[in-house]
Amino acid sequence: KAGVTQTPRYLIKTRGQQVTLSCSPISGHRSVSWYQQTPGQGLQFLFEYFSETQRNKGNFPGRFSGRQFSNSRSEMNVSTLELGDSALYLCASRVKGSDEQYFGPGTRLTVT
Amino acid sequence: GESVGLHLPTLSVQEGDNSIINCAYSNSASDYFIWYKQESGKGPQFIIDIRSNMDKRQGQRVTVLLNKTVKHLSLQIAATQPGDSAVYFCAENMGGGGADGLTFGKGTHLIIQP
């Protein structure tokens, strides 16, 4: 079974721009979570989607948003990029009712 | 909010020795704990998990110990190999398959000396 995939793997953007990242969960997994990883703050929870609905959200500004499609694929969007948004963005999927999350390789976003 | 932390940012061990990575958590309501391994350029990889109704759980070469009295979690890796070199994170949440995101510790970089 294929793992969680994320595209693109690397991205360079300029301050003020917006970006959209994509995540395809493991087949059969309907829950998708997003995390931000930085050297200073570590891994932080952004939000989780299940059946196209956001179920929970971490402590991030409204510039960070996401959505999930009927095929469980998810996208996250960051608008008005700031230098501090440079990070590895990780997506994880799980089966509903299970706590075990499987992570993708991440998208490395650099904001200049 | 409360967070999960690790005691040491770096741990260096000799190849073949046992490694013990520690983690302290502060949320007494946490029900589910996980250890992840992250190699350079990759996402976190699940190693082993444990629920709050257990004290110990063993996997292949790894053991997780949970001490709820002092809110302490540890990962023991037996006969450490060069492939074990990575950053190890503990994480916790409320469990129950709910929507709460995982709360991660800062990570311990395990370095294997030949």
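Now for a description of the structure that goes with this document. A quick note: this is a predicted structure, and the numbers were derived from the prediction, not measured.

### What about the overall build of chain B?
And step 1. Counting its secondary structure elements, chain B contains 0 helices and 11 strands.
And step 2. Beginning at the N terminus, the succession of helices and strands in chain B can be written as β-β-β-β-β-β-β-β-β-β-β.
And step 3. Of all 114 residues assigned to chain B, the portion counted as buried reaches 45%.
And step 4. Sequence separation of 24 or more characterises 53% of the internal contacts of chain B that already satisfy a separation of 6 or more.
And step 5. A total accessible area of about 5400 Å² is found for chain B, and carbon and sulfur atoms account for 47% of it.

### Structural notes on the interface of chain B and chain A
And step 1. Facing 22 residues of chain B, the contacting portion of chain A comprises 22 residues.
And step 2. Between chain B and chain A, a total of about 1700 Å² is buried, with carbon and sulfur atoms accounting for 47% of that surface.
And step 3. Counting the contacts that link chain B with chain A gives 1 salt bridge.
And step 4. Residue D99 of chain A pairs with R51 of chain B through a salt bridge whose shortest N-O separation is 2.6 Å.
And step 5. For the pair chain B and chain A, the number of links is 7 residue pairs in polar contact (both at pLDDT 80 or more).
And step 6. Among the elements of the structure, strand 4 (32-38), strand 5 (45-51) and strand 9 (86-93) of chain B are those that each provide at least two residues to the side of chain B that touches chain A.
And step 7. Among the residues forming the side of chain B that touches chain A, the class breakdown is 8 nonpolar, 9 polar and 5 charged.

### Quick notes on the nonpolar core
All names here are of chain A.
And step 1. Ranked by size, the top nonpolar core spans 21 residues in total, and within it W34, L46, F64, M76 and Y89 carry the most contacts.
And step 2. Elements represented by at least two residues in this core include exactly strand 3 (19-24), strand 4 (31-38), strand 5 (42-50), strand 8 (74-78), strand 9 (87-94) and strand 11 (107-111).
And step 3. Excluding anything up to four places from it in sequence, Y89 contacts Q6, L21, Y35, Q36, L46, F64, M76, G106, T107 and L109.

### Structural notes on the sheet that holds strand 8 of chain A
All names here are of chain A.
And step 1. In spatial order, the strands read 1-3-8-7; together these 4 strands make up an open sheet with antiparallel pairing. Lying at the two open borders of the sheet, with one neighbouring strand each, are strand 1 (5-7) and strand 7 (64-68). Geometrically, the sheet is characterised by an average inter-axis angle of 20° between neighbouring strands, direction not taken into account.
And step 2. Bridging between strand 3 and strand 8 involves 5 bridges; their strand directions are antiparallel.

### A look at the state of the cysteines
And step 1. Under the counting rule described, the total for this entry stands at 2 disulfides over all chains.
And step 2. Paired through a disulfide, C23 of chain A and C91 of chain A show a sulfur-sulfur distance of 1.7 Å. Between C23 of chain A and C91 of chain A the disulfide shows an S-S torsion of about -55°. By sign, it is left-handed. Residue C23 of chain A is found in strand 3, and its partner C91 of chain A is found in strand 9; the two are separated by 68 residues along the sequence. Each member of the pair, C23 of chain A together with C91 of chain A, is buried.
And step 3. The disulfide that involves C23 of chain B links it to C90 of chain B, with 1.9 Å between the sulfurs. Linking C23 of chain B and C90 of chain B, the disulfide has an S-S dihedral of approximately 55° and is accordingly described as right-handed.

About the cut-offs
- Residues numbered from 1 in each chain as written.
- Chains lettered and ligands numbered in written order.
- Predicted model: local features only at pLDDT ≥ 70, side-chain atom pairs only at ≥ 80, totals over all residues.
- Heavy atoms only, no water.
- Helix = DSSP H or I, 4+ residues; strand = E, 2+ residues; numbered from the N terminus.
- Buried < 20%, exposed > 50% of the residue type's maximum accessible area, 1.4 Å probe, protein only.
- Contact = heavy atoms within 4.5 Å.
- Areas by Shrake-Rupley, 256 points an atom, 1.4 Å probe, with all protein chains shown as cover.
- Buried area = accessible area lost by both parts, 1.4 Å probe.
- Salt bridge = Lys/Arg side-chain N within 4 Å of Asp/Glu carboxyl O.
- Polar contact = N/O pair within 3.5 Å; in protein donor to acceptor, adjacent residues only side chain to side chain.
- Nonpolar A, V, L, I, M, F, W, Y, C, P; charged D, E, K, R; others polar.
- Core = buried A, V, L, I, M, F, W, Y, C linked by side-chain atoms within 4.5 Å.
- Pairing = 2+ DSSP bridges.
- Axes fitted to C-alpha atoms, helices over the stretch in contact; angles between N-to-C directions.
- Disulfide = S-S within 2.5 Å.

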